[in-house]
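# What the coordinates show
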Amino acid sequence: MEQQKRYGHFDDQHREYVITDPKTPWPWINYLGNEDFFSLISNTAGGYSFYKDAKFRRITRYRYNNIPMDNGGRYFYIKEGDTVWNPGWKPCKTPLDFYECRHGMGYTRITGRKNGVEASVLFFVPLGKWAEVQKLTLTNQSSDVKTLKLFSFEEWCLWNAATDMENFQRNFSTGEVEVEVPNLAISTSNNSSKIEAPTPDVSNSSKIEAPTPDVSNSSKIEAPTPDVSTSGATIYHKTEYRERRNHYAFYHVNAEIQGYDTNRETFVGLYNELSEPEAVLEGRPRNSHAHGWSPIASHYIEVTLQPGESKDFVFLLGYIENEQDEKFSAPQVINKQKAYALIESLNTTEKVDKAFAELNQYWDKLLNIYKVKTGNDKLDRMVNIWNQYQCMVTFNFSRSASFFESGIGRGMGFRDSNQDLVGFVHQIPSRARQRIIDIASTQFPDGGCYHQYQPLTKRGNNDIGGGFNDDPCWLIFGTVAYLKETGDFSILDEMVPFDNQPGSEVTLFEHLKISMDHVIKNLGPHMLPLIGRADWNDCLNLNCFSWDPNESFQTTENVSEGTKAESLMIAGLFVVTGKEYVALCKELAKRTENLELKTERCDYSQDGEQSTTGNHTSQFSTLSSQFSAEAARMQQAVDAMIEAVKKHGWDGEWYLRAYDFYGRKIGSNECDEAKIFIESQGWCTMAEIGAEDGMVAKSLDSCKKYLECEHGMVLNNPAFTKYIYEYGEISSYPEGYKENAGIFCHNNPWVIIGECLAGRGNDAWAHYAKILPSYVEEKYQTLHKVEPYVNCQMVAGKDAFKPGEGKNSWLTGTAAWMWLTVSQHILGIKPEYDGLRIDPCLPSTAGDYTVQRKFRDAQYTITIHPNGAQKGVKQIVLDGSAIDGTVIPYSPGEHTVEVTM
Ligand code: GLC
Ligand code: GLC
């Protein structure tokens, strides 16, 4: 085993991860932005920004899998004499005297020191703003006067991140910019500077002359004088604005500048790297204007610092949209009013500091909703900080943009987003509500669903289509979580279309119903759910049958139309969500009945008699009995599924995984390879199928025996060693990676919850701690490779070349599932329709702990005394009085709860 180096540590007090060595084993990134404007930022300031959609509104350019890795970002070059350095080490990689990157909640602060100068940059996206702030503080820590040359750098993306990387015959001709530098008296639309502004003289670099704007073609200079309120300097990116786009971006600094560049080739040099831009090495900006090719934005500022002196510069990367008829202020000149306003709101240190304080308060509030104190730092910091933070990020990004997801491949996944919102719903329920409606709007009338949709348009993605037969169930999973958190049943009455077609609307409840029916109507020969293209495991493609490497495993169905292969994972998922659906129908029956009673009572008190709303009353009671009937109908289907699993889904020691197209077992002792799979163990134990016959306990034991290893539980065992045409993509991966026996972290919590339901607290905890980032962080920073503060999608399994190596960090359903596991099942605080259920499942070593839980309009302080028990609540005392059962009934206000196990 290679030696494990440490690259950083947690700082819980500031809710930060502190990286102290820029050469992390992989870029360790953070996310900025909350709702519309987003940025990815690595520990060396690499990454990019986009507005809402990483594919269609990419603001800055990034080249994935570059050489060297992570080249491209927002860079500040500082030149002192012949030394050029960056506060984040890259791209110059000049050795620094000090380096530190602090990734916090929605912000990143990178600090570098060189030869007595400190440069510290705070990056964040202020709440509600379409902009990334980069506050650069330069401090002279030496006793000499320092004269520095500062260059900023951003490279624009031509909006569509896919065509930006492909369509060069067009791209190299479309780029357009405008520049406004009041202190140099420059204000140009693109056309106004056909001849490049003269470049300043290097020999006399201390005093750079303002370049004269081109007057040879003065009729074309019609740019209005910039608004005086926007002092500083701004470079605008307006490619394609002349045609159908109504949006542009800008890069501003709130200081006078002595030069700038907007043409990449001129600034960097055609054969130079970003570590050696010609303009920077020479200490001389070119005042270039991009006409096609690759537009960039770079400001040049000369800075003199007295000993001890500090100066702030606020850089702002902004995005603006204009109404169609307000696009231009003069022919070809973009209307900048909104840009001025945005700049004006963030152009001083004070304004920026205030916005930053607001962001921190926002996170204080979010993280105060569920807070635990166990005394185990490694647990507390994940529950109170990083797990919840990652849930927000996965909610926002689904699987679109990370350093493994290029942002152009996938939009929002139907199943992914439903799972993500379960980790997020307690934070901002209103956003989860909207997300549920958006997702449901991409469902088809038969209950099937688009597998993905594009966040900007909210339309289903035709390239991938539907046919993933687990998808419908997840809508129940997401909606029920929302209902239990909020008690807002009105969402079920929302009118929601199919496939976004106006006129097709039915209630959300109706969508849930057809989701369940979609499973029931698509059963196979063993009365188990048909798998379709795939279930949760996108790579178990039982109807694909492909020998053609140019075909997509995800969408190809060659021989069958999916009428035979069946999934035990969907069977378990159906039982779990089916039970929830039944409980929901019963709850609705109860509520409508109560409404009926209330109406009666209310009529009585108003009129003194009961007759007037007789109609109303009977309507409610019909409704109520309809819900009861629906509950009974679905309970039957659930029972039938349980029977089918017991009869056809049990292999003796574990649950089967599936039946293939030919009716052969998958995930059985009879198979040569992949005898056991994790998904069906997780879902069928969560569904508690056959618990009374010992099936659950045996299945959980088999997971320990065959799937578990030092780094977690692998997806299947033994790994596939060759491609199996009947199974598809799963066997395309080398042993131990991804869906072929990788530790696919997402599904470990399913088994852990199965353990919790079975009351096996020691086992649950052992599995959980293995994939808990803070535990891994302590042992394996080098091996694990990716960010140690969040879960990654996959850790190489025991059959891999290097077990324990992590990949695909950040955007994974693991975040929401880890949250559900720890908050509801291990620590045991679970929202129900009427209150909070308290039912922990703990290792027998657990000590007393306290959870602060804000729930709707109530604040609960819950102290649990485990007394060595793994499971089983003996007594709950609410505000001084013992209550029956394990549910604390919801009531607004502050409450204290003592729980004895
Ligand atoms: C990826 C997908 C997810 C899928 C999983 C297993 O994480 O985003 O939808 O369930 O892989 O294949
Ligand atoms: C591949 C990946 C899987 C992912 C899918 C998404 O199949 O292995 O994890 O869910 O692509 O398209």
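Residues numbered from 1 in each chain as written. Chains lettered and ligands numbered in written order. Predicted model: local features only at pLDDT ≥ 70, side-chain atom pairs only at ≥ 80, totals over all residues. Heavy atoms only, no water.

Enumeration over the complete set of coordinates arrives at zero disulfides. Looking at the unpaired Cys709, the closest cysteine sulfur is the one in Cys745, lying at 10 Å. Cys709 gets classed as buried once you look at its relative accessible area, which sits at 14%. Take Cys841: it sits in no disulfide, and the sulfur closest to it among the cysteines is that of Cys756, at 4.2 Å. Judged by its relative accessible area of 1%, Cys841 falls in the buried class. (Disulfide = S-S within 2.5 Å. Buried < 20%, exposed > 50% of the residue type's maximum accessible area, 1.4 Å probe, protein only.)

This part covers the site of ligand 1. As a structural note, the neighbourhood of ligand 1 is formed by Arg399, Arg410, Arg415, Asp416, Trp536, Asn537, Asp538, Glu739, Phe744 and Gln793. The contact in question runs from an oxygen atom of ligand 1 to an N or O atom on the side chain of Arg415, over 2.7 Å. At 3.0 Å from an oxygen atom of ligand 1 is found a main-chain nitrogen or oxygen belonging to Asp538. Alone, ligand 1 offers 300 Å² of accessible surface; in the complex the protein occludes 97% of this. (Near = heavy atom within 4 Å. Polar contact = N/O pair within 3.5 Å; in protein donor to acceptor, adjacent residues only side chain to side chain. Areas by Shrake-Rupley, 256 points an atom, 1.4 Å probe, with all protein chains shown as cover.)

Turning next to the sheet that holds strand β29 (residues 658-659). Across the sheet, which stays open at both edges, the three strands sit in the order β28-β29-β30 with antiparallel pairing between neighbours. Only two strands of the sheet have a single neighbouring strand rather than two, namely β28 (566-567) and β30 (665-666). As paired elements, β29 and β30 share two bridges and run antiparallel to each other. Within the sheet, the bridge partner assigned to Tyr659 lies in β30 and is Lys665. (Pairing = 2+ DSSP bridges. Helix = DSSP H or I, 4+ residues; strand = E, 2+ residues; numbered from the N terminus.)

Every residue close to ligand 2 is listed here: Arg410, Asp538, Cys539, Gln554, Glu729, Tyr733, Lys738, Glu739, Phe744 and Gln793. With respect to ligand 2, the side chain of Glu729 contributes an N or O atom lying 2.9 Å from an oxygen atom. Tyr733 is positioned with one of its side-chain polar atoms (N or O) 2.6 Å from an oxygen atom of ligand 2. Taking 310 Å² as the accessible area of ligand 2 by itself, protein coverage stands at 82%.

This part covers the environment of Thr111. Mapped onto the elements, Thr111 comes out in strand β10 (residues 107-114). Each C-alpha atom, one on Thr111 and one on Tyr319, is 26 Å from the other, the two residues being 208 residues apart in sequence. Beyond its immediate sequence surroundings of up to four residues, Thr111 is in contact with Pro87, Phe98, Tyr99, Glu100, Glu118, Ala119 and Ser120. Separated by 2.9 Å, the side chains of Thr111 and Ser120 make a polar contact. (Contact = heavy atoms within 4.5 Å.)

Our next topic: the environment of Gly759. Tracing the sequence through the fold places Gly759 in the loop between α15 (748-757) and α16 (761-771). A sequence separation of 112 residues divides Gly759 from Lys871, and the C-alpha atoms of the two residues are 5.4 Å apart. The contacts of Gly759, once residues within four sequence positions are left out, are Cys841, Gln870 and Lys871.

Once that is clear, we can look at the sheet that holds strand β40 (residues 849-855). Sheet architecture is open: six strands sit in the order β23-β40-β41-β45-β42-β43, paired in mixed fashion. Pairing within the sheet leaves two strands with one partner each, and these edge strands are β23 (370-373) and β43 (881-883). Across the sheet, the mean angle separating the axes of adjacent strands is 25° when strand polarity is ignored. Bridging between strand β42 (residues 875-878) and strand β45 (residues 893-900) involves four bridges; their strand directions are antiparallel. Within β45, the position partnered with Val877 by the bridge is Glu898. (Axes fitted to C-alpha atoms, helices over the stretch in contact; angles between N-to-C directions.)

This part is about unusual backbone geometry. Residue Ile67 is joined to Pro68 through a cis peptide bond whose omega torsion reads -10°. Relative to the helices and strands, Pro68 is located in the loop between β6 (58-60) and β7 (75-80). For the bond running from Asn717 to Pro718, omega is -15°, close enough to zero to count as cis. Here the phi dihedral of Asn65 falls at roughly 50°; this positive angle occurs in a residue that is not glycine. Along the polypeptide, Asn65 turns up in the loop between β6 and β7. Its identity as a non-glycine residue notwithstanding, Asn867 has a phi of 50°, on the positive side. Tracing the backbone through its elements, the reader meets Asn867 in the loop between β41 (858-865) and β42. Overall, Asn867 belongs to the exposed group, its relative accessible area being 55%.

The next point concerns the confidence of the model for the chain. The predicted model of the chain averages 93 in pLDDT, with 92% of residues at 70 or higher. Low pLDDT (under 50) marks residues 190-229, which in the prediction has 71 contacts with non-local residues, meaning those over four places away or in another chain. This model gives residues 602-614 a pLDDT under 50, and the stretch forms nine contacts once residues within four places in sequence are excluded. (pLDDT = per-residue confidence, 0-100.)

Attention shifts here to the nonpolar core. Counting 258 residues, the largest nonpolar core has Leu138, Leu150, Phe313, Leu492 and Ile862 as the members making the most contacts within it. Of the residues forming this core, the biggest block, 14 residues, is contributed by helix α11 (residues 568-607). Among all residues touching Phe313, those that are not within four sequence positions of it are Gln134, Lys135, Leu136, Leu138, Leu150, Val253, Asn254, Ala255, Ile301 and Val303. (Core = buried A, V, L, I, M, F, W, Y, C linked by side-chain atoms within 4.5 Å.)

What follows covers the packing of helix α6 (residues 377-397) against helix α7 (residues 414-424). Axis separation between α6 and α7 bottoms out at 8 Å; the angle between their running directions is 145°. Regarding α6 and α7, the two cross each other, and that crossing is left-handed. Listed contacts from α7 to Cys391, Met392, Thr394 and Phe395 of α6 are Asp420, Leu421, Gly423 and Phe424. (Left-handed = near helix turned anticlockwise from the far one by under 90°.)

To continue, consider the pattern of salt bridges. Overall, the coordinates contain 67 salt bridges when judged by the stated rule. Taking the shortest distance from any N to any O, the salt bridge between Arg657 and Glu679 comes out at 3.1 Å. Of this pair, Arg657 sits in the loop between α12 (614-648) and β29 while Glu679 sits in helix α13 (residues 678-686), placing them 22 residues apart in sequence. Residues Arg657 and Glu679 agree in their burial class; the two are buried. A salt bridge links Lys807 to Glu805, with the shortest nitrogen-to-oxygen separation between them at 4.0 Å. By relative accessible area, Lys807 is classed as partly exposed at 29%. (Salt bridge = Lys/Arg side-chain N within 4 Å of Asp/Glu carboxyl O.)

With that out of the way, let us pick up helix α10 (residues 508-520). Helix length check: α10, at 13 residues, gives a terminal C-alpha distance of 19 Å against a target of 18 Å (1.5 Å per residue), a fit within 8%. With respect to burial, α10 is a largely interior element, ten of its 13 residues being buried. Among the residues of α10, Leu508, Phe509, His511, Leu512, Ile514, Ser515, Met516, Asp517, His518 and Val519 are the ones counted as buried. (Expected span 1.5 Å × (residues − 1).)

It is a general feature of regular strands that their side chains alternate between the two faces of the sheet. Where burial is concerned, most of strand β4 (residues 37-42) is hidden: six out of the six residues are buried. Here β4 shows two buried faces, one formed by Phe37, Ser39 and Ile41 and the other by Phe38, Leu40 and Ser42. With four bridges connecting them, strand β3 (residues 29-32) and β4 associate as antiparallel partners. Opposite Leu32, over in β4, you have Ser39 as the bridge partner. The turn linking β3 back onto β4 is made up of four residues, and Gly33 within it adopts a positive phi angle of 105°. Sheet topology places β4 next to strand β5 (residues 49-51); three bridges connect them, and they run antiparallel. Counterpart to Phe37 in the pairing with β5 is Tyr51. As consecutive antiparallel partners, β4 and β5 are separated by six residues, and within that stretch Ala45 has a phi angle of approximately 75°, a positive value.

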